[in-house]
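Below are the chains, spelled out letter by letter.
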Amino acid sequence: MVRVLELNQDLPCTVEQAWRLLTDPDQMNRWSNAKIVGNNPGVDGRFDRAGALRTVITPAPIRSVLREVVVAAQQPNVFSYRVYSGPATVRHHNGRIEIAETAAGSTVRWTVEMAFVVPGLGPLVERGLRKELGASLRKLADESLTPPVAAPNPVAGHRPRDLVDLHSLRATAISTQAEQQSIADDLRGDEDPKQWFARVYAIVTEEMIGLVDRGGLQYPDWALRLIPDFHVHYLRNLQGYMRGEEIEQPWQVAWSRCEQTDPKRPILPIISGMLAGVRAHIESDLPRSLAGVYLENYRDANHYMDFRADYLAMAEVFAVASDRLLERMPQSFKPLWVRASVRLPAEVRSALLNKRTFDIPKHRLAAFGYGYEIVLDSDEAADEDGVPAQG
């Protein structure tokens, strides 16, 4: 069940001054009972723009660490964010701040949507948050008597986005997923242990398409373009390995581990191979695809950081894919801790698996940053050639 909390507060300052007080981490620490830490800026190198990352540390007695990404920023009126990492008991946490002009200054409406894994936890958290956020907003009103200088609000230099044929992009993604499923089926038919990674790879693609179909992303065309680009790297390295050719080292490690066997503990080489494959995809393929798709399709209309919120939203497909693969594995392949974890809520199980095996969210976040480095290097090369850099 999603719980919705809404609080309102009048402020004796302009909407532009209120914007800075409500979106600048340093200014927020003037009035917030929670500590706000800016981790990485978003569009245009700013924390009040889409793609910015920040950490919110709630006060005692219930101390929680919430990592947020800015989803959208329409200065000086609308600012929305989402918690992408927090306590395993949190299933969903979104926030939206709306600022409007009044005769006396401005008014703020702060809306929070929350859902929790544990039944009955919602009302308890809502009461605590209402109390803390209400106290913080009253302090904000006091601090706004001496407001900061308004943040600059330059006009964006990007051209409007082109109309996108989602139907065509989705058809390509569907075709790609069908090819991946065929590869997995062929490997399974040959009793090739590489089948397990191939199967989870096809499931991840299927879940990405499903996320797009559910309307869960701001830039569905971007996500659909990533799918065939990922596939190019994956297929090249798989086919090269099977032909005995030299391939990229991370994939060489992954495929060779997939082929190892352990009659007494058959799950161990399977898990080792799958984790090596996930690592190869995240650390090798992901940055190149993120940069390549951006540079080819979006550099004139978007900043690279515009896509970070969607990228983090896509993390859920890995947990779902992992669960679906576990369902298909023979029970004898599963160690006791895996079988026991099936009884846990999905969010708790995912957190446990990441902690015990390979921290997918941590490494995916780093991969997005590596992709940005590729984009910046491309811009520097363009500058040297006399071509204006974009994004």
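Refer to the preceding data block for the structure.
Figured I'd write up the structure that's included with this text.

Definitions and limits used
- Residues numbered from 1 in each chain as written.
- Predicted model: local features only at pLDDT ≥ 70, side-chain atom pairs only at ≥ 80, totals over all residues.
- Heavy atoms only, no water.
- Helix = DSSP H or I, 4+ residues; strand = E, 2+ residues; numbered from the N terminus.
- Rg over C-alpha atoms; globule rule 2.2 N^0.38 Å.
- Buried < 20%, exposed > 50% of the residue type's maximum accessible area, 1.4 Å probe, protein only.
- Salt bridge = Lys/Arg side-chain N within 4 Å of Asp/Glu carboxyl O.
- Core = buried A, V, L, I, M, F, W, Y, C linked by side-chain atoms within 4.5 Å.
- Contact = heavy atoms within 4.5 Å.
- 1 Å grid on protein atoms, 1.4 Å probe; cavity = no way out; pocket = protein on both sides within 12 Å on 5 of 7 lines; lining within 4 Å.
- Points joined across faces, edges and corners; volume = space filled by probe spheres on them.
- Pairing = 2+ DSSP bridges.
- Axes fitted to C-alpha atoms, helices over the stretch in contact; angles between N-to-C directions.
- Parallel < 35°, antiparallel > 145°, perpendicular 65-115°, else oblique.
- Left-handed = near helix turned anticlockwise from the far one by under 90°.
- Nonpolar A, V, L, I, M, F, W, Y, C, P; charged D, E, K, R; others polar.
- Phe/Tyr/Trp six-rings, centres within 6.5 Å; stacked < 30°, edge-to-face > 60°.
- Lys NZ or Arg CZ within 6 Å of the ring centre and 35° of its normal.
- Arc of directions from axis to C-beta.

**Considering the overall build of the chain**
Here's step 1: In terms of helices and strands, the chain carries 13 helices and 7 strands.
Here's step 2: In terms of overall dimensions, the chain is globule-like: its C-alpha atoms have a radius of gyration of 23 Å, near the 21 Å expected for 391 residues.
Here's step 3: Dimensions of the chain, computed from the C-alpha atoms along their principal axes, are close to 75 × 60 × 35 Å.
Here's step 4: The buried share among the 391 residues of the chain stands at 46%.

**Let's talk about the pattern of salt bridges**
Here's step 1: Following the criterion strictly, the structure yields 23 salt bridges and no others.
Here's step 2: Measuring nitrogen to oxygen at the nearest pair gives 3.4 Å for the salt bridge that ties Arg-214 to Glu-316. Linking Arg-214 in the loop between α5 (195-213) and α6 (220-242) with Glu-316 in helix α10 (residues 316-328), this pair joins segments that are 102 residues apart in sequence.
Here's step 3: Looking at Glu-316, the relative accessible area reads 40%, which means it is partly exposed.
Here's step 4: For Arg-236, the salt bridge is made with Glu-248, and the minimal N-O distance between the two is 2.9 Å. Residue Arg-236 is located in helix α6, and its partner Glu-248 is located in the loop between α6 and α7 (249-258); the two are separated by 12 residues in the primary sequence.
Here's step 5: With a relative accessible area of 38%, Arg-236 lands in the partly exposed category.

**Structural notes on the nonpolar core**
For soluble globular proteins, nonpolar side chains are generally found buried alongside one another.
Here's step 1: Core analysis: the biggest nonpolar cluster contains 71 residues, and Phe-197, Trp-222, Tyr-234 and Trp-255 have the highest contact counts within it.
Here's step 2: Among the elements that take part in this core, helix α8 (residues 267-297) stands out by supplying 12 residues, more than any other.
Here's step 3: Residues contacting Tyr-234, with those up to four places away along its chain left out, are Gln-180, Ile-183, Phe-197, Ala-198, Tyr-201, Trp-251, Trp-255 and Asp-285.
Here's step 4: Counting 31 residues, the second-largest nonpolar core is a separate cluster that includes Leu-7, Tyr-81, Val-83 and Ile-97.

**Points about the layout of surface pockets**
Here's step 1: The space that makes up the second largest pocket amounts to roughly 850 Å³.
Here's step 2: What lines the second largest pocket is a set of 34 residues, among which Thr-58, Leu-66, Val-125, Gly-128 and Leu-129 lie closest to the centre.

**Some points on the sheet that holds strand β1 (residues 3-11)**
Here's step 1: Spatially, β1-β7-β6-β5-β4-β3-β2 is the arrangement adopted by the 7 strands of the open sheet, whose pairing is antiparallel. Looking along the sheet, the strands with just one partner apiece sit at the ends: β1 and β2 (35-40). Strand-to-strand twist in this sheet, taken as the mean axis angle between neighbours without regard to direction, amounts to 25°.
Here's step 2: Here strand β3 (residues 53-57) runs beside strand β4 (residues 65-74); their pairing, made up of 5 bridges, is antiparallel. The partner of Arg-54 across the bridge, within β4, is Glu-68.

**Digging into the packing of α6 against α8**
For any two helices packed against each other, one specifies the inter-axial angle together with the distance between the axes.
Here's step 1: As a packed pair, α6 and α8 sit with axes 9 Å apart at the nearest point and diverge in direction by 130°. Our classification of the angle between α6 and α8 gives oblique. In this structure, the crossing between α6 and α8 has a hand that is right-handed. The residues of α8 that touch α6, namely those facing Trp-222, Arg-225, Leu-226, Asp-229, Phe-230, His-233, Tyr-234 and Arg-236, are His-281, Asp-285, Leu-286, Arg-288, Ser-289, Leu-290, Val-293 and Asn-297.
Here's step 2: For the contact of α6 with α8, the per-class residue count stands at 7 nonpolar, 4 polar and 5 charged.

**Quick word on the packing of aromatic side chains**
Here's step 1: A complete count under the given rule lists 18 aromatic pairs for this structure.
Here's step 2: Each ring, one from Phe-197 and one from Tyr-234, has its centre 6.3 Å from the other, and the planes form 55°; the classification is tilted. Within this pair, whereas Phe-197 is found in helix α5, its partner Tyr-234 is found in helix α6, the two being separated by 37 residues in sequence. Residues Phe-197 and Tyr-234 agree in their burial class; the two are buried.
Here's step 3: Chaining the aromatic ring pairs together yields one cluster made of Tyr-219, Trp-222, Tyr-294, Tyr-298, Tyr-304, Phe-307, Tyr-311, Phe-368 and Tyr-372.
Here's step 4: Its guanidinium or amino end placed over the ring of Tyr-81, Arg-54 lies 5.1 Å from that ring's centre, counting from NZ or CZ.

**Observations regarding α7**
Residues lying three or four places apart along an α-helix face the same way, a consequence of the helix completing one turn every 3.6 residues.
Here's step 1: Where α7 is concerned, the buried positions are Trp-251, Ala-254, Trp-255 and Cys-258. Looking down the long axis of α7, one finds its buried residues gathered within 90° of arc, a one-sided arrangement.
Here's step 2: In this structure, the buried residues of α7 make contact with α5, α6 and α8.

**Here we look at the packing of α7 against α8**
Here's step 1: For the pair α7 and α8, the least separation of the axes is 7 Å and the interaxial angle reads 165°. Looking at the two axes, α7 sits roughly antiparallel to α8. Between α7 and α8 the crossing geometry is left-handed. Contact residues: Pro-250, Trp-251, Val-253, Ala-254, Arg-257 and Cys-258 in α7; Pro-269, Ser-272, Gly-273, Met-274, Ala-276, Gly-277, Ala-280, His-281, Ser-284 and Asp-285 in α8.

**Section: the pairing of strand β5 (residues 78-85)**
Residues in a regular strand project their side chains so that they alternate between the two faces of the sheet.
Here's step 1: β5 sits mainly inside the fold: 6 of its 8 residues count as buried.
Here's step 2: By the bridge criterion, 7 bridges tie β4 to β5 in an arrangement that is antiparallel. Of the residues in β5, the one forming a bridge with Arg-67 is Ser-85.
Here's step 3: Counted between consecutive antiparallel strands, the loop separating β4 from β5 contains 3 residues.

Note that all results are geometric; they support no functional claim without further evidence.
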